[in-house]
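Structural overview
Spelled out from the first residue to the last, the chains are:
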Amino acid sequence: MGLAIAFIFCLIFARLIYVQLVWGSELKYRATDQWNREIPIIAGRGYVYDTNGQILAGNLTTYSIFVRPNAVENAEYTATVLSGIFSLDPNAVLEKLNGGKVSEITIARQVPKESVEKLVSYDLPGVYYSRDNTRSYTYGSALCQVLGFTSNDGSGLSGIEKYYNEVLSGTDGEISYTTDIVGKETENSVVVYTEAVDGDGVQLTVDIDIQLAAEEAMRSAYISSGAKSVSCVVLNPQNFDILAMVNYPSYDLNDVPRDDTEKLNSLSRNSIVCDIYEPGSTFKVVTAAANIEEYLKGNNKAFSNSYIFNGSRTRTVDGTKIKCWSDHANGKHYNQNLASALNNSCNPCFTDIALSLGKETFYNYLNNFGFGNVTGLDFNGEALGMLVPQSLVRDCDLARIGFGQTVAVTGLQLACATAAAVNGGNYYVPRLLKSVILSDKKQVYNKPVLKFNPISEKASALLAQMLEGVVTEGSGKKAFIEGYRVGGKTGTAQKYEDGHIASGKYISSFVGFFPADKPQYLALIIVDEPQGTYYGSSVAAPVAREIFQDIINIKNLKPYV
């Protein structure tokens, strides 16, 4: 019996030690939580700025309304007042007040100051309010797929809002006070205020003036072409800063269609980054760059710039016929060098280059120009593109890749590859973030990162000169601007559906840059399924010219020649 009593005593003593030392802190927290109530203070979300300091995304001061049912004295009267002020169903509010399952319920979020002032005049027991924030976007639909939007509680759901959510969010505070067992504030309540810490600001590389100009140009192109969609990216080829990015149709960030998930997913998708397409002749820039670089290295399988291609014939590779778009009437485009082949966009010439360089050499350039991999842009959901594995490439595949078929890329991949091909041979990691603006207004800058050098400076200069010829003499004439050295390449690609060519469906594109001798601005225009005229030279090149002309006016750029 003595042993039994001693054993029971030891159990009780062990339990006491456990409660005091191990479980004590948790029990203390529970007790404090029972006798205290907290009203959240929502931290201000950090602002988003353009490269010049213009506010792109800010906050409107609004409020959240809470009710502690145990502290409500007259549930029916309270429900009537709340439903009247905030346009709610009084029966639903009353049901929540009488539910008795939760200690606190949220009645409304993001309500204006005027409504709160009206609520205060009623002095309802058990009803509280606290500040929250409603995200406000200065330019409505402009840059909508890039900026993205937030949830009702202020968390980033897409775009920059999501990617830099931890930077923008901040830390919420609270007002804590003591209550009795049913949740009513005690007479001598001790109020503890914990201040919220607002989020840091984010400054983008985007120039809102260029963005708005590109938005208008793309909107006009969408309407005039009857296209399914249009998209555009403008970047600085010297460091790959994204200056503008447009996807149209778009939506208003201040009126997000949250009730239609399918529509929202479609309109909020940043297709220039997240979707892939077969580029067609714009890809010939890469093939030409590889050939020029290999020739300068002394590779006897590359063609000199003076070599004359026979552009008249139809080539058959592994049973696949490849021919030029021209019928070569009267000897036109019959024999041509590399510059002429770019001007005339003659497919067999680029087939010759890809096959002559060979699979291993050509794929090295594809990899170094970033194809088959993400560019590294600070944005969620970037696509890899589609590149046939080198081990599985047949000659017919290699031949078609040479002129932009049997390969799929994102618009951003193609823009970056072209920029690296004409800027001296430097491939940078593209970026949207210029700096983070801390609470003390200090800026932490995000510096450009050089990824690799796919070609030499000399090869790049020769290529840029040839692409300038495309605009002055070739298929890109509608991008020409008198007094300014513009270079570029057109593209017209057939679309595929279920593995077969979709009749009458094309993607028209143009990638251009200026000034040609030292590019400062590069734009890629993509028009998906234009109706009527569908050639990139007619549909996309004029849009690039319009954007470049707007940039010239915005930046007050003087003629170079």
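Each remark here, short or long, concerns the structure printed above.
Attention here is on the structure that accompanies the text. Please read these numbers as outputs of a predicted model, since none were measured by experiment.

Criteria and thresholds
Residues numbered from 1 in each chain as written. Predicted model: local features only at pLDDT ≥ 70, side-chain atom pairs only at ≥ 80, totals over all residues. Heavy atoms only, no water. Buried < 20%, exposed > 50% of the residue type's maximum accessible area, 1.4 Å probe, protein only. Helix = DSSP H or I, 4+ residues; strand = E, 2+ residues; numbered from the N terminus. Arc of directions from axis to C-beta. Contact = heavy atoms within 4.5 Å. Core = buried A, V, L, I, M, F, W, Y, C linked by side-chain atoms within 4.5 Å. Salt bridge = Lys/Arg side-chain N within 4 Å of Asp/Glu carboxyl O.

1. A word on helix α15 (residues 359–368)
Every buried residue belonging to α15 is among Phe362, Tyr363, Tyr365 and Leu366, and all of these are buried. In a view along the axis of α15, the buried residues occupy a sector of 155°, so they form one face of it. On the buried face of α15, the contacting elements are α12 (284–296), α14 (347–357), β16 (386–387) and α16 (395–401).

2. Overview of the nonpolar core
Counting residues in hydrophobic clusters, the biggest one holds 96 residues, and the most contacted among them are Leu204, Phe350, Phe369, Phe371 and Leu463. Ranked by the residues each element gives to this core, the list is headed by helix α17 (residues 411–422), at nine residues. When near neighbours in sequence (up to four residues on either side) are disregarded, Phe371 contacts Phe283, Val286, Leu366, Leu387, Val409, Gln413, Leu414 and Ala417. Val230, Tyr484, Ala523 and Val539 belong to the second largest nonpolar core, which has 34 residues in total.

3. Some points on the pattern of salt bridges
Side-chain pairing between opposite charges can occur once the charged atoms of the two side chains come close. Taken as a whole and judged by the stated rule, the model has 13 salt bridges. Of the charged contacts in the structure, one is a salt bridge between Glu468 and Arg485, with a shortest N-O distance of 3.0 Å. Here Glu468 is found in helix α18 (residues 457–472), whereas its partner Arg485 is found in the loop between α18 and β22 (487–497), with 17 residues between them in sequence. Taking relative accessible area as the criterion, Arg485 reaches 26% and is therefore assigned partly exposed. The closest approach of N and O atoms between Lys495 and Glu529, which form a salt bridge, is 2.8 Å. One end of the pair, Lys495, is in strand β22; the other, Glu529, is in the loop between β24 (521–528) and α19 (536–539), with 34 residues separating them in the sequence. On the basis of relative accessible area, Lys495 is assigned to the buried category, the value being 15%. By relative accessible area, Glu529 is classed as buried at 12%. The network of salt bridges with shared partners includes Arg45, Arg135 and Glu161.

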